Each structure stands twice: as structure tokens, then as C-alpha cells.
Amino acid sequence: MKEIILFGAGNKALWYTRILSTLSVKLLFFADNNQTRWGEYYCDLLIQRPDAINNYKNAYILITCQDENGIKRQLEDMKAGNRLISISELQKEEVLLSKKSQKFCSKLLAVPHTENCKWTAVFDNFDGKWGGAEDWVHKVASEARSDLYETCIYERAGQPRQKEDVERMIIRINSAEESEDEAFQLTRLLYEKMPFILVNNWGTALIRSAALLKTYFPDKVKIITIMHNDYTALYEQQTIWQEEVDLFFCVSSQILSKLQKIYHIPAYKTLYHANFTEIDYELSREYARQKKAIRIGYTGRLEVYQKRTDLLERLIRGLEDTNVLYELNIAGSGEYEDPLKNFVKKNGLEEKVHFCGQLLKDKMPLFYEKQDIYINISDFEGMSLAMLDAMSCGCVPVVTNVSGVNDLVKNKKNGLIFECGDIEGMVKGICYLDQHRSMLKQWGEKSRETVQEECDSHRYIEYFKTVLRHYSASKIGVNL
């Protein structure tokens, strides 16, 4: 049984200790840099000073706080960095190697099972919140049915209900989050679906269940992992399963490159295809003329983490310091909505900055048609669906250099690209477009042409169906 030291006794640790309580590990204590808490108990474990780690040379260390990179550097300085372990590694060991799993599978396999005549593509939306990736699941799953396979979506009970045609595909699981028996419950459900392809989106209990079944039925279980985003935790969470995963399907060339170069995933296990947009009808739009406000659109969650909505205040201040006649239209909601509204009200900017709220999907094309510029100030993305939708409506992208941008935006040819956090550069870019209004139409039309060529939803679905056929064929030989 592995002995585990938890580093960081904050709110995040509550989630970790709940998960760890279901695993075959021994928790020793919390290490924490806050010396005022040394000697306290948290989650029934003693909080100790970090150098207490040196007294347990054989114990593994799990970082359970937000400052993961800082703690990693601290542990390297303490010569303890080689003892780091992740929650995904522990969960994988528990599912694949524990006696509990072996006992469960012995009972499961003793029950007669009639194999289905067709493969099932099981789409994992088990821990989805709501955003572009969840929309991807519903769109692709609902249109990917084939003569070779069925499709279904696994979600938790309580997640938002969908349109009737999508809802019919959803299998809702009523279980406590990360409960001890959840992986086994899902294993039993997946066992009845064999042969199946798991389209893994979140690295949830579903992939643990599929991997367990794959150890017994390697020819009846396939796993395709969709890499929706470009952040370290996701790479680490998903590449833990690289031996079990048949294909990593990447939404940007940057993600594919990182998987191969940094995480050493073989090229034959990786595939890239640009994401898709569903906006494909004829537009009727005009761009702002001189002496009219240049219209800037922001869409997305109003949050600091990832989306960096707090930087909109700096953008607004920067625009106010120039002679640009502008109008900023914000569509979205989230935890930073009230602070941003307070900032706008405090500075008397209500006539320039407009909050449109969370718009329904079918209302978004009309929103984008009324914008000249689309801005994205995120710290990371996969390939932003909002950016694709905006470009398909002729908006000029003024965006940060995150994953997916360089696949479609060519700097100073159909948009402007800036490093993350370079709000001053973005302000200058908007000023340039304000002074060269003809570029709005020129770059906007180029953006639309690019997205129409690279991101057509119908071609995308057909391509993904080819991928599914490849893995559901009795003889693998389909050309991708």
C-alpha cells in the first residue's frame, strides 16, 4: 500500500481527500508552507512543516493546492521531486491493479454476456460543465450514427437537459461524484455495450472503466481521447492512459505537437483536425465606417481563470486613453460579471460598454454580424469555437496567441495576434484597425473564407465518422 503525503491544506485538498478515501492508499499528513497552521488537524490529518517530508523517504507526495508549479520547484530544491505522484496515476493503479478490481471483474465475467452485433460509440460527457466541448459532444454524437455502430452519450443525472433528439441518446448515471463504486458501476454498463469505442473527453471514471475492460477484451474495446484544451493538467491527466488509448484526436496542431514532443506520444496515435463551426449561411453585414464607433465583440464565460475577463478593464482603460470611437459588446456570464459591471458603472461607460447576457446559441450569429472585431484574451484554449463562429461571420480576430489561433489566424493578413496579457498591444491593434477601416472588410472576408474552407461542420462530421469506422471495422484498414 502506497503511503501518501499531501502538500497543501486548503480548499482544494477537500476534493483530493474525498477521492483518496476510496483508494487503497495510506495518508500520512499534510505538508503546508503556512507556519501558523503547523500542528493543526485538517481532514483528520496533522499539518506539518514541509521539511517533515524528509523523514518519510519512501512516501509519495501529492500536490493538493493551487500553486502546483511553485510546489514542484520547492520539492526539487528539497531533492524530493522524484517522489511526486498524481491523482490520475493513483486512480489508474487502483482500477487496473487492485485486488478489489480483480475480484469485481471475476464476478462480472462469470455472468453470460451476449455480444452486440454492432459497435457502440460511447461519448463521455460525464463531468462536463457547459461550453464548447460539451456542444462538440452533442453535435458529433447526434450526427455520427452509422451502419457500423450506434452512438450514445453518458452524463450525470442533474446535468442540463437537451433537445429531444439529443436527449434520446443520453444515458444519465445517478451516482455520487467520485464514489467508491462509480468506476465499477460504469464498468458494468460498458460491459453491456461491448464492443464499444469510448470517445473520452474529460478523463472521468469512464476511461478507468473502459481501460479495465480493455485489459480483458483488447479487441472489443477502443478508446479515442479528444484533446479539447491546451493546459498542463489536461495533458498529464490524459497521457497517463497513453498505453490504453488508441488515438489522441487533437483540436489544434499545437496540441498535437506537444503530445508528440513533450509527452512522447507516438505519431501513429495522434491526429489533428481543426474544430468546426455550424454558422454557414449567407451574411448580410456592413463594417463600421469612419466617424462611426468601431464595434468590438467579446463572447465567453466571464471568469478570471483561463478567460482572463479581468483584463477587459485594462483594455477599456487603454481605449479610453486613445481617440478611438468604440463600442464594446459583451455576451456571456460568470463570476466576474458583477465586478466588470461595477467598473463600467463607476467610470460612466454605460453608453460604450454593453452587457448582452448569456445568449442562446441560435442568437449568436446575429450578435457576431453586428461586430467588426472579435477579441479573445484567454491564457489558454484548445481551438476556441467562439473564435471560429465569429470569424465565420466576418469578424476580424484580435486574439491572444493560444492553441488553435495559428491554425486559422494569419497575423496582419486576416487578423492580429498578441502574446497573452499584452493588452497594450491589443489596444494599439484596435487603433490601427480604427485608422484603416478598409482592413475590416478585407481581413473579415479573409477570415470567413478561411473558416469556411477549414471548419465546415459537415466535412468535419464525415471525417470523424471515418475515424470511428476505422476503429469499429473488423479489419483495421480504413484510410484516414
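Just above sits the structure.
In this text, all values refer to a predicted model and were calculated from it rather than measured experimentally.

Rules used throughout
Every chain's residues receive numbers from 1 upward, in the order its sequence appears when written. Only residues with pLDDT of at least 70 are given local features in this predicted model, and only at 80 or more are side-chain atom pairs given and counted; all residues enter the totals for whole chains, interfaces and linings. The basis for the side-chain values is all heavy atoms of the structure; hydrogens and waters are excluded. Each helix is a run of DSSP H or I of at least 4 residues and each strand a run of E of at least 2, with the numbering of both proceeding from the N terminus. A radius of gyration in this sense is built from C-alpha atoms; the matching globule rule multiplies 2.2 Å by the number of residues raised to 0.38. Per-residue accessibility, obtained with a 1.4 Å probe over protein chains only, is compared with the maximum for each type, and a residue is labelled buried under 20%, exposed over 50%, and partly exposed between these values. Residues count as neighbours in contact if any of their non-hydrogen atoms are within 4.5 Å of one another. A 1.4 Å probe and the Shrake-Rupley method give the accessible areas. Residues count as covered only by the protein chains that appear here. One side-chain nitrogen of Lys or Arg within 4 Å of one carboxyl oxygen of Asp or Glu is enough to make a salt bridge. Centre distance within 6.5 Å is the pairing criterion for rings of Phe, Tyr and Trp, where only the six-membered ring of Trp is used; planes under 30 degrees apart are then read as stacked, over 60 as edge-to-face, and the remainder as tilted. For a lysine, the NZ atom is tested; for an arginine, the CZ atom; a charge sits over a ring if that atom is within 6 Å of the ring centre and within 35 degrees of the ring normal. Should DSSP find at least two bridges between two strands, the strands are taken to pair. Helix axes use the C-alpha atoms of the stretch in contact, all axes being lines fitted to C-alpha atoms, and the angles between their N-to-C directions lie in the range 0 to 180 degrees. Orientation is classified from the angle alone, with under 35 degrees giving roughly parallel, over 145 giving roughly antiparallel, 65 to 115 giving roughly perpendicular, and any other angle giving oblique. By convention the crossing between two helices is left-handed if the near helix lies anticlockwise of the far one by an angle smaller than a right angle, and right-handed if it lies clockwise. Polarity classes work like this: nonpolar for Ala, Val, Leu, Ile, Met, Phe, Trp, Tyr, Cys and Pro, charged for Asp, Glu, Lys and Arg, and polar for all others, with Gly in that last group. The disulfide criterion is simple: two cysteine sulfur atoms within 2.5 Å. Nonpolar cores were defined as sets of buried Ala, Val, Leu, Ile, Met, Phe, Trp, Tyr and Cys residues, with membership established by side-chain atoms within 4.5 Å. In this analysis the probe radius is 1.4 Å and the grid spacing 1 Å, with only protein atoms considered; a cavity is a set of points the probe fits into but cannot get out of, a pocket is an open set with protein on both sides within 12 Å along at least five of seven lines, and lining residues have an atom within 4 Å of a point. Grid points are joined across faces, edges and corners, and a volume is the space filled by probe spheres set on the points.

(A) Looking closely at the overall build of the protein. Regarding its fold elements, the protein presents 18 helices and 18 strands. Taking 480 residues into account, the globule formula puts the C-alpha radius of gyration at 23 Å, and the protein, at 25 Å, falls close to it. Along the first, second and third principal axes, the C-alpha atoms of the protein reach 75 × 65 × 40 Å. The burial tally for the protein puts 55% of its 480 residues in the buried class. Considering only contacts in the protein between residues 6 or more positions apart, those separated by 24 or more positions represent 67%. Put simply, the protein shows about 22500 Å² of open surface, and 48% of that area lies on carbon and sulfur atoms.

(B) Quick peek at unusual backbone geometry. Look at the link from Met194 to Pro195: it is a cis peptide, with omega at 0°. Even without being glycine, Cys43 reaches a positive phi, approximately 55°. In this fold, Cys43 is placed in the loop between β3 (41-42) and β4 (45-48). For Lys79, which is not a glycine, the phi torsion comes out positive at approximately 60°. Its place among the elements puts Lys79 in the loop between α2 (68-77) and α3 (87-97). Here Lys79 falls in the exposed class, since its relative accessible area comes to 72%.

(C) The arrangement of the pattern of salt bridges in detail. Applying the stated criterion across every chain yields a total of 28 salt bridges. Three or more residues joined by partner-sharing salt bridges are found here, namely Lys139, Glu143, Glu278 and Lys361.

(D) Region of interest: the packing of aromatic side chains. Tallying each qualifying case throughout the model produces 17 aromatic pairs. Their ring planes at 10° and their centres at 5.1 Å tell us that Tyr235 and Tyr263 sit as a pair that is stacked. Here the residue Tyr235 occupies a position in helix α9 (residues 232-239), and Tyr263 occupies one in the loop between α10 (253-261) and β12 (270-272), the gap between them amounting to 28 residues. Judged by relative accessible area, Tyr235 falls into the buried class, the value being 1%. When its relative accessible area of 19% is taken as the criterion, Tyr263 is described as buried. Taken together, the ring pairs in this structure connect Phe123, Trp136, Phe249, Phe276, Tyr460, Tyr463 and Phe464 into an aromatic cluster. For the cation-ring pair, Arg285 lies above Tyr287, with the distance from its terminal atom to the ring centre recorded as 4.2 Å.

(E) Local environment of the sheet that holds β4. Read across the sheet, 5 strands follow the order β3-β4-β2-β1-β5 without closing on themselves; strand pairing throughout is mixed. Strands at the two margins of the open sheet, each flanked by one partner only, are β3 and β5 (60-63). Packed on one face of the sheet, α2 meets β1 (2-7) and β5 and runs near 155° to β5.

(F) Geometry of the environment of Thr204. With respect to the secondary-structure elements, Thr204 resides in the loop between β9 (196-200) and α8 (205-216). A sequence separation of 33 residues divides Thr204 from Gln237, and the C-alpha atoms of the two residues are 9.5 Å apart. Filtering out sequence-adjacent residues up to four positions away, Thr204 remains in contact with Asp124, Phe126 and Asp127.

(G) Fine view of the packing of α3 against α8. One can describe the packing of α3 onto α8 by two numbers: an axis separation of 9 Å at closest approach and a directional angle of 40°. On the basis of the axis angle, α3 is oblique to α8. Of the two possible hands of crossing, α3 and α8 adopt the one that is right-handed. Here Gln91, Val95 and Leu96 of α3 come into contact with α8, specifically with Arg208, Ala211, Leu212 and Thr215. In terms of residue class, the contact of α3 with α8 is made up of 4 nonpolar, 2 polar and 1 charged.

(H) Structural context of the state of the cysteines. This model, assessed by the stated rule, comprises 0 disulfides. We note that Cys43 lacks a disulfide partner, and the nearest cysteine sulfur, in Cys65, lies 14 Å from it. For Cys43, a relative accessible area of 31% corresponds to the partly exposed category. We note that Cys420 lacks a disulfide partner, and the nearest cysteine sulfur, in Cys250, lies 19 Å from it. A residue is classified by how much of its surface remains accessible, and Cys420, at 35% relative accessible area, is partly exposed.

(I) Fine view of the environment of Arg83. With respect to the secondary-structure elements, Arg83 resides in the loop between α2 and α3. Among the residues examined, Arg83 registers a relative accessible area of 10% and is labelled buried. Residues Arg83 and Ile4, 79 residues apart in the sequence, show an inter-C-alpha distance of 9.8 Å. Not counting residues within four places of it along the chain, the set of residues in contact with Arg83 comprises Ile53, Tyr56, Lys57, Asn58, Ala59, Tyr60 and Ile61.

(J) Main features of the sheet that holds strand β14 (residues 326-331). Across the sheet, which stays open at both edges, the 6 strands sit in the order β15-β14-β13-β16-β17-β18 with parallel pairing between neighbours. Bordering the open sheet on either side are β15 (353-357) and β18 (416-418), each of which pairs with just one other strand. Adjacent strand axes in the sheet meet at a mean angle of 20°, parallel and antiparallel pairs treated alike. With 4 bridges connecting them, β14 and β15 associate as parallel partners. Considered in β15, the bridge of Asn329 is made with His354.

(K) Structural view of the nonpolar core. Phe123, Trp136 and Leu468 are the most contacted members of the largest nonpolar core, which has 89 residues in total. By residue number, the principal contributor to this core is α8, which donates 7 residues. Those residues within four positions of Phe123 in sequence are excluded, and the remaining contacts are Trp136, Val137, Val140, Ala141, Thr151, Cys152, Ile153, Tyr154, Val199, Phe464 and Leu468. In terms of nonpolar packing, the next biggest core, distinct from the first, is built from 36 residues, Ile294, Ile316, Leu319 and Leu440 among them.

(L) Up close: empty space enclosed by the protein. Across all of its chains, the model carries 2 cavities of 30 Å³ or more by this definition. As for the second largest cavity, its lining consists of Ser88, Gln91, Gly203, Thr204, Ile207, Arg208, Gln237 and Trp241. Counting only elements with at least two residues in the lining of the second largest cavity, the list comes to α3 and α8. Considered class by class, the residues forming the lining of the second largest cavity number 2 nonpolar, 5 polar and 1 charged.

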